[in-house]
Structure formats: C-alpha cells, structure tokens
Amino acid sequence: MEQVELRFGEDSRFAQTHTNLSAVRWEPTGLWVAGDETATVERLTWTGDHFGDERSFALADYVELPAGRFDEADIEGLARADGHLWAVGSHSLKRRKAKPGEPEKSIRRLGTVVREENRFILVRLPLDETGERPLPGAILSGGRNVAAMLADDRHLAPFLALPGKDNGLDIEGIAVVGERVYLGLRGPVLRGWAVVLEIRPVDDGGGRLRLDGPYRKHFLDLGGLGVRDMCPHGGDLLLLTGPTMSLDGPVRVVRWRERQDGGLVPAHDLETVLELPYGVGDDHPEGLAVLPDGRLMVVYDSPSPARITPAGGVLADIFTI
C-alpha cells in the first residue's frame, strides 16, 4: 500500500470537507472529490508530489438545487463519463444524533427524523474542453427524484420512511456505463442482499433530467454488506462494500463481472479483490477510484489523526489488485 496527499484550501478545511470525503474520481490531470457536508464538488490538480491547487464548484451555480445554495447535498457518489461529471445525493432521511452528557435531550433528538431536499438529487454536468471545469447541466430532483420512483416498489418502498443509518434508503455509489447509470445502495440490505439500481436518465431540456423507461434492480449477495461506492474497471464494476449501519467494518472491494437485466447475483458470481483496513471510530473507506495503471485509490470519511498532514491535507491510500 502507498499513500498520497490530498491538499485542500482554507474554505474546504473550515467546512471540514477533507475529513468528510465521500467520493473520488480520477482525471488525467487530477481528481474530482466530494464531501458529504456541503453542496459542492472539488477539483484537485496533480502538482508533482501531491494533489492540490483546489478549486471548489458550488452545484447551485450549474443546476437549480431544490433547497438552494447553502443546504448540504450529502453527495455520496461521483462518476465521470462521456465528457460529463455526475453527482448523486444520498436520497436518505436523517435521524438526529444523541449528544453525550445530555440524556433527556438526546432521547428527544433520537425521535426526530428530518428530510433535507438537497439530498434527493442526481446531477449531470458537462465539462469544458479541458475537463477541469463544469458547465451548466441538468438535475433530477423534486417529485421525480429516485426515491419518488420507488414509492410503489415492493422491495424498497417500505424503507423510504427510515433514515439511512437505520437501514433506510441510502444511495452511496454511482457508476455510468454508456446510457446505464448504476446506483449502489448502502441500505436497505434485504436479508443479506445488497441492492444496485439501474436507471437511464435523459436530458429533458431546461436543466432537468427524467428517467427513460423502467428501472432495474440487481440483488447482490455481499454477505450482509451494503455498497459504499462503485466504479467501472475495464468491462466490470468494482464495488466498495461495508456495513449499512453505524459500524466500522468489515470493508471490501468486490468485482462484479456479469450484469444481466436485473435479478439475483449470488456470491460465487462476485470476486473479493481486496480487504481494506478500517479504524475503530475513524478511517471509514467511502470513496473508490481506478488509477490509469489499474491501482485503486481509496479516500476516507472520519480520517484518523495520522492521516491529517501539516499542510492541511489528508492522506488517501493506493492499493494494487
């Protein structure tokens, strides 16, 4: 294993983007990354010994966000395909956190579930000729978002009222292959089977996306784990898998070769290619990218202090498979 530094500017460090990384995609001259506490995507350039020279792009400058510029979008996945950058929100509800030392208040908070509309988005942004700057794009949101599509689904509809961390709907990965967009669900996991949705969004004009035709569901036997991220690797898909609930591990990278038109994918049709390290209460693998030489880059949410660099950056891991 090797490590490489991702160095962020003052604004992103103040927003704690570098300690809440949830998605990463490689570019020929750098990286696209996102954190789950803002409504931005970040562009880092390779400087020769680290990724830096950060530029931050607010999604509200390129699409119409349902809750406006300042509410977080909980971006959990990025994809890069055919000259476009894709970003997907978690589409999850959120339960308030308990606070140590405040038992009565914590009990009330645990009974409060909130919905934040900026989480319910799928965005496609064309990139300029350099591939380093987005242009105005299109969004799937509001009454036509992915969660709304599942309102009558026999498998997933019962989980729409549950927060993501309670095994409710929680989109955490996206991969684009041709016209097909695969969305990996951290939750729900159904009796040990993880779910990947396959949709075909098209530009409806006026900055909007719509879904073309029916969606498909793939049920994968990941041994009880959910999908934390996903990315193409040759003709396959690599899945970053981990617990759906608030647990530290296990975390694995799994190869998915044969993709039919929906249905069951048993464990023997999946290959574990990497067992990833994880911490206790920190170092949660959240983002996965394939580098040009075939190695994998992994970025972490809640990084341990050992990952934070003196220059205000954070260390990502690089693995050979």
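Just so we're clear, the structure is a prediction, and the values are computed from it rather than from any experiment. (Residues numbered from 1 in each chain as written. Predicted model: local features only at pLDDT ≥ 70, side-chain atom pairs only at ≥ 80, totals over all residues. Heavy atoms only, no water.)

1. Topic: the overall build of the protein
The line we're drawing: By the criteria applied, helices consist of DSSP H or I runs no shorter than four residues and strands consist of E runs no shorter than two, each listed in order from the N terminus. Radius of gyration: C-alpha atoms only; globule rule: 2.2 Å multiplied by the number of residues to the exponent 0.38. With a 1.4 Å probe rolled over the protein chains alone, any residue whose accessible area is under 20% of its type maximum counts as buried; one over 50% counts as exposed, and the rest are partly exposed. Surface accessibility follows the Shrake-Rupley procedure with a 1.4 Å probe radius. Residue values consider only the protein chains on display as shielding. Residues scored as positive are Lys and Arg, those scored as negative are Asp and Glu, and His as well as the terminal groups of each chain are ignored. Lysine's charge is taken at NZ, arginine's at CZ, aspartate's at CG and glutamate's at CD.
Scanning the protein for helices and strands turns up 3 helices and 25 strands. In terms of C-alpha radius of gyration, the protein reaches 18 Å, essentially the compact-globule figure of 20 Å for 321 residues. Dimensions of the protein along its principal axes, counting C-alpha atoms only, are 50 × 50 × 45 Å. Within the protein, the fraction of its 321 residues that count as buried is 55%. Counting every atom, the protein has about 13700 Å² of accessible surface; 50% of that belongs to carbon and sulfur. A gap of 4 Å separates the mean positions of the 37 positive and 50 negative side-chain charges of the protein.

2. Concerning the sheet that holds strand 20 (residues 252-256)
The criterion, for reference: The pairing criterion for strands is at least two bridges between them, as found by DSSP. Angular values range over 0 to 180 degrees, each being the angle between N-to-C directions of two axes fitted as lines to C-alpha atoms, with helices fitted over their stretch in contact.
Reading across the sheet, the 4 strands line up as 18-19-20-22 and stay open at both edges, with antiparallel pairing between neighbours. Of all strands in the sheet, those bounded by a partner on one side alone are strand 18 (226-233) and strand 22 (270-275). Between one strand axis and the next, the sheet turns through 25° on average, direction left out of account. As defined by bridge partners, strand 19 (residues 236-242) adjoins strand 20 across 5 bridges and the pair is classed as antiparallel. Across the sheet, the residue bridging to Leu 240 is Val 253, located in strand 20.

3. Some details on the side chain of His 50
The condition is simple: Definition of a polar contact: a pair of N or O atoms within 3.5 Å, with one able to donate and the other able to accept a hydrogen when the atoms are protein atoms, and with sequence-neighbouring residues admitted only if both atoms are side-chain atoms. Any two residues having at least one pair of non-hydrogen atoms within 4.5 Å are treated as being in contact.
Of note, His 50 is situated in the loop between strand 4 (40-46) and strand 5 (51-58). At 2.7 Å, the side chain of His 50 forms a polar contact with the side chain of Asp 49. Apart from the residues within four sequence positions on either side, His 50 is in contact with Glu 5, Arg 7 and Thr 45.

4. Some details on the pattern of salt bridges
To keep it simple, the criterion reads: What counts as a salt bridge is simple: a side-chain nitrogen of Lys or Arg found within 4 Å of a carboxyl oxygen of Asp or Glu.
In this structure the tally under the stated criterion is 30 salt bridges. Salt-bridge contacts for Glu 72 lead to Arg 119; the nearest nitrogen and oxygen are separated by 3.3 Å. Taken together, the residues Glu 72 in the loop between strand 5 and strand 6 (75-81) and Arg 119 in the loop between strand 9 (113-114) and strand 10 (122-126) connect sequence positions 47 residues apart. Residue classification places Glu 72 among the buried residues on the basis of a relative accessible area of 15%.

5. Concerning the layout of surface pockets
It is the rolling of a water-molecule-sized probe over the atoms that shows where space remains empty. Our working definition: Here a cavity denotes a set of grid points, spaced 1 Å apart and computed over the protein atoms alone, in which a 1.4 Å probe fits but from which it cannot get out, and a pocket denotes an open set meeting protein on both sides within 12 Å along at least five of seven lines; residues with an atom within 4 Å of a point are reported as lining. Grid points are joined across faces, edges and corners, and a volume is the space filled by probe spheres set on the points.
Estimated volume of the largest pocket: approximately 860 Å³. Taken together, 31 residues line the largest pocket, and the ones lying closest to its centre are Glu 37, Lys 97, Lys 165, Ser 246 and Asp 301. Sorting the residues of the lining of the largest pocket by element identifies strand 8 (94-95), strand 12 (170-177) and strand 23 (284-290) as the ones contributing at least two each. There is about 270 Å³ of room inside the second largest pocket. Every residue lining the second largest pocket is counted, 16 residues in all, and those nearest its centre are Gly 178, Glu 179, Arg 200, Pro 201 and Val 202. Going through the elements one at a time, strand 7 (84-89) and strand 15 (201-205) are the ones with two or more residues in the lining of the second largest pocket.

6. Quick look at unusual backbone geometry
Of note, the bond from Gly 187 into Pro 188 is cis; its omega dihedral lies within 30 degrees of zero at 0°. Note that the residue after Gly 249, namely Pro 250, is joined by a cis bond; omega there is 5°. A positive phi angle, near 50°, is found at Ser 302, a position not held by glycine. Counting through the fold element by element, Ser 302 comes out in the loop between strand 24 (296-301) and strand 25 (313-319). On the accessibility criterion, Ser 302 (29% relative accessible area) is partly exposed.

7. Side note on the sheet that holds strand 12
The mixed open sheet is built from 5 strands, whose spatial order is 12-13-14-17-21. Each edge of the sheet is formed by a strand with only one pairing partner; in this case those strands are strand 12 and strand 21 (263-265). Geometrically, the sheet is characterised by an average inter-axis angle of 25° between neighbouring strands, direction not taken into account. As judged from the 3 bridges shared by strand 17 (residues 216-221) and strand 21, these two strands associate in the parallel manner.

8. Points about the nonpolar core
Cut-off, in case you're wondering: Put simply, a nonpolar core is a bunch of buried Ala, Val, Leu, Ile, Met, Phe, Trp, Tyr and Cys residues held in one set by side-chain atoms that sit within 4.5 Å of each other.
By size, the foremost hydrophobic cluster in this structure holds 28 residues, and its most contacted members are Trp 86, Val 146, Ile 174, Leu 183 and Leu 197. With 20 residues, the next largest nonpolar core counts Ala 39, Val 41, Leu 85 and Ala 87 among its residues.

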